[in-house]
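# Report on the structure
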Amino acid sequence: MADTAAPVPTRALVLANPASGSHSPELVEQVRQLCDSYLERTEVHPTTGPGDATVAVRRALERHTGAPDLVVVIGGDGTVREAVQGLVPASGRATLAVVPGGTGNSGYKMLWGDRPWTESLKAILTDSGIGGSARPRRLDLARLAETRQYVYLGACSGVIADALITARDLPLTGRERYARAFADTAAGYAPYPGRVTVDGRVVHEGPTVLANVGGGPYRGGRFNVLPDSLLDDGLLDVCVIGDGIAAADVPRLTLTAAHIGHPATWYARGRTITVERTDGRRLPLEHDGEYQHGIGSTATFEVLPGALPVWAPAPDRPETP
């Protein structure tokens, strides 16, 4: 397909989460000023609590006039997750841009790597024509069947989910909080009896430390849990770690993807992935950093190919006919 000009953004809704890991008023003001320099209109919305980002996006995109065509999220992966819930049902009326302002920032890293946010946002605002360095891209999402929520980065059962519960009682912040929570949770962690099914085929059954489902390779901004995943191949990846790997060793191994190829690791991909706890008890599960209290013993993920419009780097070489 020949290279064509991307639609240039004209109006932005900027979502800023004051509770995110590295939020600062200075960062929000920098983003606002940069958007104001190139766009017709920039609206900044500080989120007020859980779910507010979703509501703000939905209301903005429902306007008959002046609706944004660019949603800029300043925050961590949880804030991006909320924005996605409002953006996807809008059927492409706006495109997502991410500015890292949280603790993990996996969503930014999987798109832009280590590129400074000032460069990526300026590329979106100025270089979206033919030959530019930014392009709209449609990413696959997962949908958690039990809640109908969209999963942006990924979902994980087991020790990762249980560590979020531990973290709530720790008087720490940022990476230090989650590192301590994971260490405390992983010490003597008992794997749960689990089963993982991919497109009707059982790929693992037995003691389970974790099962991570998603499209993004990174969790927590650093841990390369799904190193072989592609963001737009129409499939979900799943990595299962069994009891042959101690829970406490998971961070060290996933930091460099050393868990891949270990006999206690199973890796597969498909369109529908079901993660179960086979003893009938509640499955410990999180997605995009949010613990899922309403889940029973089973979680089923269905791929939604190309459901999320985002701004991302343009290919190194332009497409040719």
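Residues numbered from 1 in each chain as written. Predicted model: local features only at pLDDT ≥ 70, side-chain atom pairs only at ≥ 80, totals over all residues. Heavy atoms only, no water.

Within an unreviewed UniProt entry, the label attached to the protein reads Diacylglycerol kinase family lipid kinase, and the organism entered is Streptomyces indiaensis. Under the UniProt heading Cofactor (unreviewed entry), the note attached to the protein is "Mg(2+)". Turning to the protein, the UniProt annotation filed under Sequence similarities (unreviewed entry) states: "Belongs to the diacylglycerol/lipid kinase family." (UniProt positions renumbered as here; feature names shortened; annotations may be inferred.)

A word on unusual backbone geometry. Non-glycine residue aspartate 199 carries a positive phi angle of around 50°. In this fold, aspartate 199 is placed in the loop between strand S8 (192-198) and strand S9 (201-214). A positive phi angle is found at alanine 257, which is not glycine, with a value near 60°. Along the chain, alanine 257 falls in the loop between helix H8 (250-255) and strand S13 (265-270). (Helix = DSSP H or I, 4+ residues; strand = E, 2+ residues; numbered from the N terminus.)

The subject of this paragraph is helix H7 (residues 174-186). Here H7 spans 19 Å end to end across 13 residues, near enough to the 18 Å set by a 1.5 Å rise per residue. Burial in H7 covers these residues: Ala181, Phe182, Thr185 and Ala186. Take H7 and look down its axis: the buried residues cluster within an arc of 120°, on one side only. Summarising the contacts, the buried residues of H7 are in contact with helix H6 (159-167) and H8. The positive-phi residue at the C-terminal boundary of H7 is glycine 188, with phi of around 70°. (Expected span 1.5 Å × (residues − 1). Buried < 20%, exposed > 50% of the residue type's maximum accessible area, 1.4 Å probe, protein only. Arc of directions from axis to C-beta. Contact = heavy atoms within 4.5 Å.)

The subject of this paragraph is the packing of helix H2 (residues 52-61) against helix H3 (residues 77-87). The geometry of H2 relative to H3 is characterised by a closest axis approach of 7 Å and an angle of 35° between their N-to-C directions. Between H2 and H3 the crossing geometry is right-handed. In this structure, H2 uses Asp52, Ala53, Thr54, Val57, Arg58 and Leu61 to contact H3, whose residues at the interface are Thr79, Glu82, Ala83, Gln85, Gly86 and Leu87. When grouped by side-chain class, the residues that make up the contact of H2 with H3 number five nonpolar, four polar and three charged. (Axes fitted to C-alpha atoms, helices over the stretch in contact; angles between N-to-C directions. Left-handed = near helix turned anticlockwise from the far one by under 90°. Nonpolar A, V, L, I, M, F, W, Y, C, P; charged D, E, K, R; others polar.)

Quick look at the packing of H6 against H7 now. Orientation of H6 relative to H7, taken along the N-to-C sense of each, is 115°, at an axis distance of 8 Å. Of the two elements, H6 crosses H7, and the hand of that crossing is right-handed. Between H6 and H7, the residues in contact are Val159, Ile160, Asp162, Ala163, Leu164, Thr166 and Ala167 and Arg177, Tyr178, Ala181, Phe182, Asp184, Thr185 and Ala186, respectively. Split into classes, the residues belonging to the contact of H6 with H7 amount to nine nonpolar, two polar and three charged.

With that settled, the discussion passes to the packing of aromatic side chains. To describe a pair of aromatic rings, you give the distance between the ring centres and the angle between the ring planes. Scanning the entire structure with this criterion turns up zero aromatic pairs. Between the NZ or CZ atom of lysine 109 and the centre of the ring of tyrosine 218, over which it lies, the distance is 4.4 Å. We note arginine 177 situated over the ring of tyrosine 178; from NZ or CZ to the ring centre the distance is 5.6 Å. (Phe/Tyr/Trp six-rings, centres within 6.5 Å; stacked < 30°, edge-to-face > 60°. Lys NZ or Arg CZ within 6 Å of the ring centre and 35° of its normal.)

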